[in-house]
Amino acid sequence: MRTLLITGGAGFIGSHVVRKMVLDHPDTRVVNLDKLTYAGNLGNLKDIEGRPNYQFIRGDIVDAAFLEKLFRSHRMDGVIHLAAESHVDRSIADPMAFIQTNIMGTVNLLNACRRSWNDPEGKRFYHISTDEVYGSLGKEGLFKEETPYDPRSPYSASKASSDHLVRAYHHTYKLPVVISNCSNNYGPNQFPEKLIPLAINNILHMKPIPIYGKGENVRDWLYVKDHAAAIDLIFNKGTNGRTYNIGGMNEWKNIDLIRLLCDIMDEKLDRKPGTSAGLITFVKDRAGHDLRYAIDNSRIRDELDWYPAHTFEAGLTRTVEWYLSNPEWMQQITSGAYQTYYDRQYIQR
Ligand code: NAD
Ligand code: TYD
């Protein structure tokens, strides 16, 4: 039985990846290592926690000694590394945790793999990254794997730095690595600091929907289960040393996306058409707000035969249905420190 370490498996994307690997690969022992920061939530994994091939370990990737011990006590065959500080606004308010977890934490993991993998045959370190490392596009063009890095927020700069370090360990120490850079994810279990779940929660409670600037910024949205499927493919079939861009070819201006979401919410909540759109409120723009992200996903389509299986309308509707049928999930999150974050980010804006 091979052992796969997944870091950050209690977070949004990580919990979907953990579930997929546990259920689709019963011959793989999955160890989920997560610090359980504000963004980590074991409630995301209740349905699989009793599976025989699943184990949760609470721990911090910034703690190098802890990782060394973990790698001595478990013979890891592969790592899928998702643990990170992931929210741009938080990185603007306080970059240090991003430097520690995203850069130092990644290097600690690389060192642990390097030390324990004397024979790299059959081993793999898979680093999950973001399209934000490529910077900001104008109205035209797409990010390709060869696009030069140009990160512009503390978050994207920390992810770019970790990508470079992962590649450096491949070239210098021959560590078997793969990297993927994905566009914006959405779906069940996303923490309500990100645009879509924040808007769903505010619409539900008839609170203003904050749109930064004029809502003209463009993101390429991908349903989280499509990302998890791509990660499974790349981990099992990708080529060492290679980078794969993952995206939905699904660009939306923020304001158009929110209008579509408002229509879905009005219908699901039996509200008069236009009720939710009346909550749209333009607020002061994000500092250094990147205009547009868009991915050319032809490499992963051509080489690994991956394509997004969910249309945006279908994925968004399923997402709304999930949040509406899991009110206790949101309730548990928004009753705690979230309120302090929300007040600082939006009320005192
Ligand atoms: P998230 O914030 O929902 O989850 C991050 C998880 O990492 C949490 O469970 C948290 O507890 C854990 N974590 C944080 N610091 C840790 C530490 N020091 N040690 C151990 N665990 C720690 O993030 P997400 O949105 O699920 O993103 C997961 C990964 O995917 C990140 O690397 C992110 O950069 C990348 N990514 C995200 C998106 C997106 O749209 N959300 C898009 C592309 C790439
Ligand atoms: P976000 O979900 O934070 O993802 P990212 O910054 O990584 O792309 O934001 C998506 C887009 O929505 C981005 O252009 C910023 C914008 N946005 C708002 O307009 N209002 C909000 O309250 C949030 C959180 C984001």
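Residues numbered from 1 in each chain as written. Chains lettered and ligands numbered in written order. Predicted model: local features only at pLDDT ≥ 70, side-chain atom pairs only at ≥ 80, totals over all residues. Heavy atoms only, no water.

Details of the packing of aromatic side chains
In step 1: Throughout the structure, instances matching the rule amount to 18 aromatic pairs.
In step 2: Summarising the aromatic geometry, the rings of Tyr212 and Tyr346 are spaced 6.4 Å apart at their centres and angled 25 degrees between planes, so their arrangement reads as stacked. Of this pair, Tyr212 sits in strand S8 (residues 209-212) while Tyr346 sits in helix H12 (residues 338-347); the two residues are 134 residues apart in sequence, bridging distant segments of the chain.
In step 3: For Tyr346, a relative accessible area of 13% translates into the label buried.
In step 4: Ring plane angle 90 degrees and centroid distance 4.9 Å describe the contact between Trp322 and Tyr323, whose orientation is recorded as edge-to-face. Across this residue pair, the class does not change: Trp322 and Tyr323 are buried.
In step 5: The rings of Tyr38, Phe191, Tyr212, Tyr338, Tyr341, Tyr342 and Tyr346 are connected pair by pair, giving a single aromatic cluster.
In step 6: The ring centre of Tyr341 lies 4.0 Å from the NZ or CZ of Arg90, which sits over that ring.
In step 7: The positively charged end of Arg114 is found above the aromatic ring belonging to Tyr173, 3.6 Å away from the centroid. (Phe/Tyr/Trp six-rings, centres within 6.5 Å; stacked < 30°, edge-to-face > 60°. Helix = DSSP H or I, 4+ residues; strand = E, 2+ residues; numbered from the N terminus. Buried < 20%, exposed > 50% of the residue type's maximum accessible area, 1.4 Å probe, protein only. Lys NZ or Arg CZ within 6 Å of the ring centre and 35° of its normal.)

Some details on the side chain of Asp89
In step 1: Its place among the elements puts Asp89 in helix H3 (residues 88-93).
In step 2: Polar contacts involving the side chain of Asp89 include one to the side chain of Tyr212, which spans 2.7 Å.
In step 3: If sequence neighbours within four positions are ignored, Asp89 has contacts with Tyr212, Arg286, Tyr341, Gln345 and Tyr346. (Polar contact = N/O pair within 3.5 Å; in protein donor to acceptor, adjacent residues only side chain to side chain. Contact = heavy atoms within 4.5 Å.)

Geometry only, nothing functional implied.
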